[in-house]
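# Architecture at a glance
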Number of protein chains: 2
Amino acid sequence: MELLKQRILTDGKALNSDVLLVDSFINHQIDPPLMQAIGDEFARLFKDQGITHIVTIESSGIAPALMAAIAMDVPMVIMKKSISSILSEELHQTPVYSFTKGTTYQLTLKSQFIKKGDRVLFIDDFLANGEAALGAARVIEMAGATVAGMGIVIEKAFQPGRERLIQAGYAPISLARISYMEAGVVEFEP
Amino acid sequence: MELLKQRILTDGKALNSDVLLVDSFINHQIDPPLMQAIGDEFARLFKDQGITHIVTIESSGIAPALMAAIAMDVPMVIMKKSISSILSEELHQTPVYSFTKGTTYQLTLKSQFIKKGDRVLFIDDFLANGEAALGAARVIEMAGATVAGMGIVIEKAFQPGRERLIQAGYAPISLARISYMEAGVVEFEP
């Protein structure tokens, strides 16, 4: 998605080979027209997948997922990051390790919102190690639903997330795939 | 806002005199057309206030704030709930007590996103004790900006939030004001 790549080049900030700041348009401040364009692009990419629900993880995934949900006219569900593991028939939970924070949270979904037969598009802002996406897929499948698509806004293609997802049987589609970063430098996959 | 009140009556669930579950359309699962209507209503209510930015608090405020930002064509900023207090020229922070969780978080804003002269509309999903809204107003004013409006999706009008905000000089506008709740019963202000 050319508009997004250009925006990353002008307003993103690579601090080192690992950390990309996009908080002036994706994470902390949001640029509504850009976010609308992102939602429209996800809708275009996944229009033939029979998507019934969009699922994301709080809180940075909410904006792109909501815009995609509006463009695709399907309900959207926000998985919560819970500190505690709760055993309940009403909840689906799985532990997810956050490399950014160095802690584990319980990715949590109320079972009433995703059901057997649903075809779910998972959307998130970043793909790096793939932990969050793999966790989301586990929860969606615990609910008896199908992961019918994975849409990522920005992928760090030099990290193992995509490979892990493909090995697990998923096919993530990313709007911007970064092949290389160092302080002040961002390069995309061709 | 009649559409929202009707939805609360049909799909909301008052557990007791204090807890209202709206997680099937506001918090956990989001109904995109309803959220668009909420954003449009905020845009209509605050259209003459010269709003330059919309600010909300992660994560339940993001959806209504984003829809309002799209309707008003202004950038939107998400204040973060940080665990730690960080002294930095780059951040504005204030402690906020969460009655729901019984803990205090540091409401955090990067100073680059809200500046002197900005006219900020604060949007949140709930108004109850007013702690979050008062904290948000402190942070906006630390940044040198003006709180030009406060828009709330659902107000528990039987709790002291509105009174505290008015005493502090703000004038919150809520789309649905609940005057009374008990298990299975929700009543609105006339």
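Scroll up to find the structure.
Now for a look at the structure at hand. (Residues numbered from 1 in each chain as written. Chains lettered and ligands numbered in written order. Predicted model: local features only at pLDDT ≥ 70, side-chain atom pairs only at ≥ 80, totals over all residues. Heavy atoms only, no water.)

Here we take up the environment of Phe-188 of chain B. All names here are of chain B. You can see Phe-188 is positioned in strand E11 (residues 185-188). It is 16 Å that separates the C-alpha atoms of Phe-188 and Gly-161, two residues lying 27 residues apart in sequence. Leave out the neighbours within four places in its chain, and Phe-188 touches Lys-5, Ile-8, Leu-9, Ala-176, Arg-177, Ile-178 and Ser-179. (Helix = DSSP H or I, 4+ residues; strand = E, 2+ residues; numbered from the N terminus. Contact = heavy atoms within 4.5 Å.)

Next up on the list: the nonpolar core. In terms of nonpolar packing, the biggest core is built from 79 residues, with Leu-4, Ile-38 and Ile-54 of chain A together with Leu-4 and Ile-54 of chain B touching the most fellow members. Apart from residues no more than four positions distant in its own chain, Leu-4 of chain A is found in contact with Phe-25, Ile-26, Leu-34, Ile-38, Val-153, Ile-154, Leu-175 and Ala-176 of chain A. (Core = buried A, V, L, I, M, F, W, Y, C linked by side-chain atoms within 4.5 Å. Buried < 20%, exposed > 50% of the residue type's maximum accessible area, 1.4 Å probe, protein only.)

Residues and elements named next belong to chain A. Here the structure, examined in full by the defined rule, presents 18 salt bridges over all chains. Linking Arg-177 and Glu-189 is a salt bridge whose minimum nitrogen-to-oxygen distance equals 3.8 Å. Pair noted here: Arg-177 is in strand E10 (residues 172-182) and Glu-189 is in the segment after strand E11 (185-188), with a separation of twelve residues, a long-range link. One salt-bridge network, held together by shared partners, links Glu-155, Arg-162, Arg-177 and Glu-189. (Salt bridge = Lys/Arg side-chain N within 4 Å of Asp/Glu carboxyl O.)

The next thing to look at is the pairing of strand E8 (residues 119-127) of chain B. Residues and elements named next belong to chain B. With seven of nine residues buried, E8 lies mostly within the body of the structure. Here strand E4 (residues 53-57) pairs with E8 via three bridges, running parallel. Looking at E8, one finds that His-53 is bridged to Val-120. In terms of strand pairing, E8 meets strand E9 (residues 146-156) through eight bridges, oriented parallel. Bridge pairing in E9 places Leu-127 opposite Glu-155. With respect to chirality, the unit in which E8 leads through helix H4 (residues 131-142) into the neighbouring parallel E9 is right-handed. (Pairing = 2+ DSSP bridges. Right-handed = clockwise from strand over helix to strand, strands pointing away.)

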